Amino acid sequence: EPEVTQTPSHQVTQMGQEVILRCVPISNHLYFYWYRQILGQKVEFLVSFYNNEISEKSEIFDDQFSVERPDGSNFTLKIRSTKLEDSAMYFCASSPGAGLYNEQFFGPGTRLTVL
Amino acid sequence: EDKVVQSPLSLVVHEGDTVTLNCSYEVTNFRSLLWYKQEKKAPTFLFMLTSSGIEKKSGRLSSILDKKELFSILNITATQTGDSAIYLCAVENNYGQNFVFGPGTRLSVLP
């Protein structure tokens, strides 16, 4: 069964460093998403991406964040200068379409720890 | 501000019990409501609801939406220990693929 994959599973970085979190969505899906979940807190929407551009982003997704689909398979989230409060589990998700076809499939997550 | 509230936040039951989880929401332009089950890591999709009054069913799980009263319930009958998880409710607003998640209900099913 096709699935969303994410790498690495755990990333440890120093405050101020740049990190890139990688995701491979399901191959025929068209919509891609990033979410984060701070330990013990709720899942928070970051950004959605369609047709090679951001279609929606939340207040959390400020200038420190960027997303890219550098080739036909990867979908990346870059955090330019990490802060302690960026420590969280980051989930990538993809869906085949929008509206009624919006069943999102989540990847296993990348746990980001900022020291 | 868009908001999703879930209750209870935590629930402990015994195997065989039936549970009802609640989700209420306030969003600017409602598009759909989704239920997810989160065990150790990533949420897994359960249901997507877009219309009022139409029950969606999958095995022992069922869900229904009331767009007038702005809430949804998730029912689990004959609970099993494998149902222990956090159940997340999320609402999509109509401005795009923007999803607001509730805090989740942590369900523990004891043998």
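Placed above this text is the structure.
Quick summary incoming for the structure in this document. (Residues numbered from 1 in each chain as written. Chains lettered and ligands numbered in written order. Predicted model: local features only at pLDDT ≥ 70, side-chain atom pairs only at ≥ 80, totals over all residues. Heavy atoms only, no water.)

**Notes on the pairing of strand β11 (residues 110-114) of chain A**
All names here are of chain A. Defined as follows: For every residue, the accessible area obtained with a 1.4 Å probe (protein chains only) is divided by the maximum for its type, and the residue is called buried under 20%, exposed over 50%, and partly exposed between those limits. The numbering of helices and of strands both runs from the N terminus, where a helix is a DSSP run of H or I of at least 4 residues and a strand a run of E of at least 2. The criterion for strand pairing is that DSSP finds at least two bridges linking the strands in question.
Of the two faces of β11, the one lined by T110, L112 and V114 is fully buried and the one lined by R111 and T113 carries no buried residue. As judged from the four bridges shared by strand β2 (residues 10-13) and β11, these two strands associate in the parallel manner. Within β11, the position partnered with T13 by the bridge is V114. Note: strand β9 (residues 88-95) against β11, three bridges, orientation antiparallel. Residue pairing in the sheet places A88 in a bridge with L112 of β11.

**Quick word on the interface of chain A and chain B**
Which entries qualify depends on this criterion: We call two residues contacting when some pair of their heavy atoms lies within 4.5 Å. Just to be clear on terms, a salt bridge is a Lys or Arg side-chain nitrogen sitting within 4 Å of an Asp or Glu carboxyl oxygen. The definition of a polar contact used here is a pair of N or O atoms within 3.5 Å, where within protein one atom must be able to donate a hydrogen and the other to accept one, and adjacent residues in sequence count solely through side-chain atom pairs. Residues are grouped as follows: Ala, Val, Leu, Ile, Met, Phe, Trp, Tyr, Cys and Pro are nonpolar; Asp, Glu, Lys and Arg are charged; all remaining types, including Gly, are polar.
In this complex, chain A contributes 22 residues to the contact, which on the side of chain B involves 20 residues. Counting across the interface, chain A meets chain B through zero salt bridges. In this structure, the connection of chain A to chain B is made through one residue pair in polar contact (both at pLDDT 80 or more). Listed by contribution, the elements that provide at least two residues to the side of chain A that touches chain B are β4 (31-37), β5 (43-50), β6 (53-57) and β9 of chain A. When residues of the side of chain A that touches chain B are assigned to their parent elements, the largest contribution, four residues, is made by β4 of chain A. A class-by-class count of the residues in the side of chain A that touches chain B yields twelve nonpolar, seven polar and three charged.

**A look at the side chain of D2 of chain B**
Cut-off, in case you're wondering: Residues counted as positive are Lys and Arg, residues counted as negative are Asp and Glu, and His and the chain ends are not counted.
Within the element layout of this structure, D2 of chain B appears in the segment before β1 (3-7). Salt bridges are absent for the buried D2 of chain B, whose nearest opposite-charge side chain, K42 of chain A, sits at 10 Å. One polar contact links D2 of chain B to T28 of chain B, side chain to side chain, over a distance of 2.9 Å. Non-local contacts of D2 of chain B, meaning those with residues more than four positions away in its chain, are made with E26, V27, T28, N93 and V100 of chain B.

**Points about the sheet that holds strand β7 (residues 61-66) of chain B**
All names here are of chain B. Operational definition: Every angle, taken between N-to-C directions, lies between 0 and 180 degrees, and every axis is a line fitted to C-alpha atoms, over only the stretch in contact when it is a helix.
Strand order in the open sheet made by the five strands is β1-β3-β8-β7-β6, with antiparallel pairing throughout. With partners counted over all chains shown, the strands left at the sheet margins are β1 and β6 (56-58), one partner each. If you compare each strand with its neighbour and ignore which way they point, the axes differ by 15° on average. As paired elements, β6 and β7 share three bridges and run antiparallel to each other.

**Notes on the state of the cysteines**
When the sulfur atoms of two cysteines share a covalent bond, that bond is a disulfide. Note the following rule: Cysteine sulfur atoms that come within 2.5 Å of each other are treated as a disulfide pair.
For the coordinates displayed, the defined rule picks out two disulfides over all chains. Put simply, C23 of chain A and C92 of chain A are joined by a disulfide, and their sulfur atoms are 1.9 Å apart. One disulfide, between C23 of chain A and C92 of chain A, carries an S-S torsion of -60° and so falls in the left-handed class. Residue C23 of chain A is found in strand β3 (residues 19-24), and its partner C92 of chain A is found in strand β9; the two are separated by 69 residues along the sequence. When sorted by exposure, C23 of chain A lands in the same class as C92 of chain A, which is buried. Paired by a disulfide, C23 of chain B and C89 of chain B hold their sulfur atoms 1.9 Å apart. Across the S-S bond of C23 of chain B and C89 of chain B the torsion is about -65°, and the bridge reads as left-handed. In this pair, C23 of chain B sits in strand β3 (residues 19-26) while C89 of chain B sits in strand β9 (residues 85-93), placing the two residues 66 residues apart along the sequence. Of the two residues, C23 of chain B and C89 of chain B, neither departs from the other in class, the shared state being buried.

**A few points about the environment of D62 of chain A**
As for its position among the elements, D62 of chain A is in the loop between β6 and β7 (65-68). Of note is the side chain of D62 of chain A, whose polar atom sits 2.9 Å from the backbone nitrogen of Q64 of chain A.

**Notes on the sheet that holds strand β1 (residues 5-7) of chain A**
Residues and elements named next belong to chain A. Read from one edge of the open sheet, four strands run β1-β3-β8-β7, paired in antiparallel fashion. Strands with a single pairing partner mark the edges of an open sheet, and in this sheet they are β1 and β7. Taking the axes of each pair of neighbouring strands and ignoring which way they run, one obtains an average angle of 20° across the sheet. Where β3 and strand β8 (residues 75-79) come together, five bridges link them in antiparallel fashion. Paired with L21 across the two strands is L77, which belongs to β8.

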